[in-house]
Amino acid sequence: MNREKSRAEFARASRIIPGGVNSPARAFGAVGGDPLIIERGDAALLTDLDGNELIDYVGSWGPHILGHRRPEVIAAIQDVLAGGTSFGAPTQLETQLAELIVDAVPSVEKVRMVNSGTEATMSAVRLARGFTGRDAVVKFAGCYHGHVDSLLVQAGSGALTHGVPSSPGIPAGCTSDTLSAEFNDAEGLAALFEERGDDIAAVILEPVVGNMGVVLPQDGFLKACRELCTRHGAVLIFDEVMTGFRLSYGGAQELFGVTPDLTTLGKIVGGGLPVGAYGGRADIMDKVSPVGPVYQAGTLSGNPLAMASGIATLTVLKNESPYTRLDEMTGGLVAGIEAAADHAGLPHQTARCGSMFTLFFNPEPVTNYGVASQSDTERFAKYFQGMLERGVYLPCSQFEANFVSAAHTEEQISQTVAAAREVLSSL
Ligand code: HOZ
């Protein structure tokens, strides 16, 4: 595979952009080599600067559940673009997207638009603290909620990939009220509540984790989180930035039948443009400024182009409901990869929920951060490079989710399984 132009362009970027990337998750530090420079996307394919065509399982890290350049989404953006790009004043589009979200997501009675998942989680935590008058927040090791100061504690995603689960530059005071618990350990959470129940403003979690690789909640875990929060008067926040509109139209909360108090959204809700949102119970959301005293703002929040992209994406998802097909297609893909890993005799686990999955090079079922971080990352790096050479573009870390889109074809899935068979048998 020729990577000459990508290499030259990345060298140029590296001179003036830290690490050559605008988000560390894109860097190839954990797998070796340089990132490919992408020129265009088309349905489930990416094309890089050297003209290589790649089957894409990153999907811009989640937003592209409909694939790249879905015609309805592009047309909606172009249509709105003709009227201007930003007004700093309300538009009908904001209400339309808010209505779609409120109709879809069980916990959301009111919603506020922001520009990223990080902004959504940061704002939800502030709101939970303002609402309860308490300071402590519980997060789970390996969950990642964006680069929010108070939540960069035992964080997943790029922080785990690059070995910086907490970051310099965050004053101790910012994390002194962050309590870390083990995902899937309801007893541990109960013990934390016994000890600190009166201080805990919120419990925040990815209901299906995507940021230490995919890790599913064990039976009863989400329900236990719900019950403990209710009993102790804490706000339960589901971070559905990744799972919202991905696992089902109503997200993980609809799939698992557990309703949080607040939900954070991002990725799909912007259909590939920068959008985040947080919403939930009306009595909590009414504490947000200007109705209530909890301040949160943004010049470009509710941006018309981003709203149009989100509306078009959710409308297609609502009308076409691709979830059963995505589930079946991803199930087939994961079964094929699993059979290939079995045949190669490699210790492995696969974890999947709907159209997100991870192949862990790990002999143990991955239920939490401790187990996930024992995965064989060197073997993952070889797998990643072998797949890339065969035209399959995977997330460049063992600790990320792979995403299948409605634009993937059966033929592309078969090509991916064939590539996995070759690569895994060579490791
Ligand atoms: N939340 C994204 C996947 N873990 C990360 C994307 C990024 O940090 O660039």
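Keep in mind the model is a prediction, meaning the values are calculated, not measured.

Cut-offs and rules
Sequence order as written defines the numbering, with residues in each chain counted from 1. Predicted model: local features are reported for residues with pLDDT of at least 70 only, side-chain atom pairs are reported and counted for 80 or more only, and whole-chain, interface and lining totals are derived from all residues. To obtain the side-chain values, all non-hydrogen atoms of the structure were used and water was disregarded. What makes two strands pair is DSSP finding at least two bridges between them. Only DSSP runs of H or I with at least four residues qualify as helices, and only runs of E with at least two residues qualify as strands; both kinds are numbered from the N terminus onward. Whenever a helix is involved, its axis is fitted only over the stretch in contact; in every case the axis is a line through C-alpha atoms, and angles between N-to-C directions fall within 0 to 180 degrees. Just so you know how the angles are binned, under 35 degrees is roughly parallel, over 145 roughly antiparallel, 65 to 115 roughly perpendicular, and the rest oblique. Less than a right angle of anticlockwise turn of the near helix away from the far helix marks a crossing as left-handed, whereas a clockwise turn marks it as right-handed. In this description, contact between two residues means that some pair of their heavy atoms is separated by no more than 4.5 Å. Three classes are used: nonpolar for Ala, Val, Leu, Ile, Met, Phe, Trp, Tyr, Cys and Pro, charged for Asp, Glu, Lys and Arg, and polar for all others, with Gly counted as polar. Categorising residues by exposure relies on relative accessible area from a 1.4 Å probe, with only protein chains included: less than 20% of the type maximum marks a residue as buried, more than 50% marks it as exposed, and the intermediate range marks it as partly exposed. Only four residue types enter the charge count, namely Lys and Arg as positive and Asp and Glu as negative; His and the chain termini do not. When a carboxyl oxygen of Asp or Glu is within 4 Å of a side-chain nitrogen of Lys or Arg, the pair counts as a salt bridge. Pairing of N or O atoms within 3.5 Å defines a polar contact, subject to two protein rules: one partner must be a possible hydrogen donor and the other a possible acceptor, and residues neighboring in sequence count only if both atoms are side-chain atoms. Helix span is expected to be 1.5 Å times the residue number reduced by one.

## Quick notes on the sheet that holds strand β5 (residues 136-140)
Then, in step 1: The strand order across the open sheet built from seven strands is β4-β10-β9-β8-β7-β5-β6, with neighbouring strands paired in mixed fashion. Unpaired on one side and paired on the other, β4 (110-114) and β6 (178-181) mark the two borders of the sheet. Each neighbouring strand pair of the sheet contributes to a mean axis angle of 20°, computed without reference to strand direction.
Then, in step 2: Bridge count for strand β9 (residues 262-265) against strand β10 (residues 276-280) is four bridges, and the pairing is antiparallel. Looking at the pairing, leucine 265 lines up with alanine 277 of β10.

## Focus: the packing of helix α12 (residues 323-344) against helix α15 (residues 410-425)
Then, in step 1: Where α12 contacts α15, the axes come no closer than 8 Å and their chain directions differ by 15°. Between α12 and α15, the angle is such that the two are roughly parallel. Handedness of the α12/α15 crossing: right-handed. Residue-level inspection shows Met329, Leu333, Gly336, Ile337, Ala340, Ala341 and Ala344 of α12 in contact with α15, the latter providing Glu410, Ile413, Thr416, Val417, Ala420, Arg421, Leu424 and Ser425.
Then, in step 2: Here the residues of the contact of α12 with α15 sort into 10 nonpolar, three polar and two charged.

## Regarding the side chain of arginine 246
Then, in step 1: Mapped onto the secondary structure, arginine 246 falls in the loop between β8 (235-239) and α9 (251-256).
Then, in step 2: Comment: no salt bridge for buried arginine 246; closest opposite-charge side chain is aspartate 56, at 9.2 Å.
Then, in step 3: Within polar-contact distance, the side chain of arginine 246 engages the side chain of serine 355 at 2.9 Å.
Then, in step 4: Within the structure, arginine 246 has its side chain in polar contact with the backbone oxygen of valine 404 (distance 2.8 Å).
Then, in step 5: Those residues in contact with arginine 246 that lie beyond four places of it in its chain are Gly62, His64, Ile65, Ile268, Tyr323, Ser355, Met356, Phe403 and Val404.

## Structural notes on helix α4 (residues 117-132)
Then, in step 1: Taking 1.5 Å as the rise per residue, α4 with 16 residues should run 22 Å; its terminal C-alpha atoms sit 23 Å apart, in good agreement.
Then, in step 2: Considered for burial, the residues of α4 that qualify are Gly117, Thr118, Glu119, Ala120, Thr121, Ser123, Ala124, Val125, Leu127, Ala128 and Thr132.

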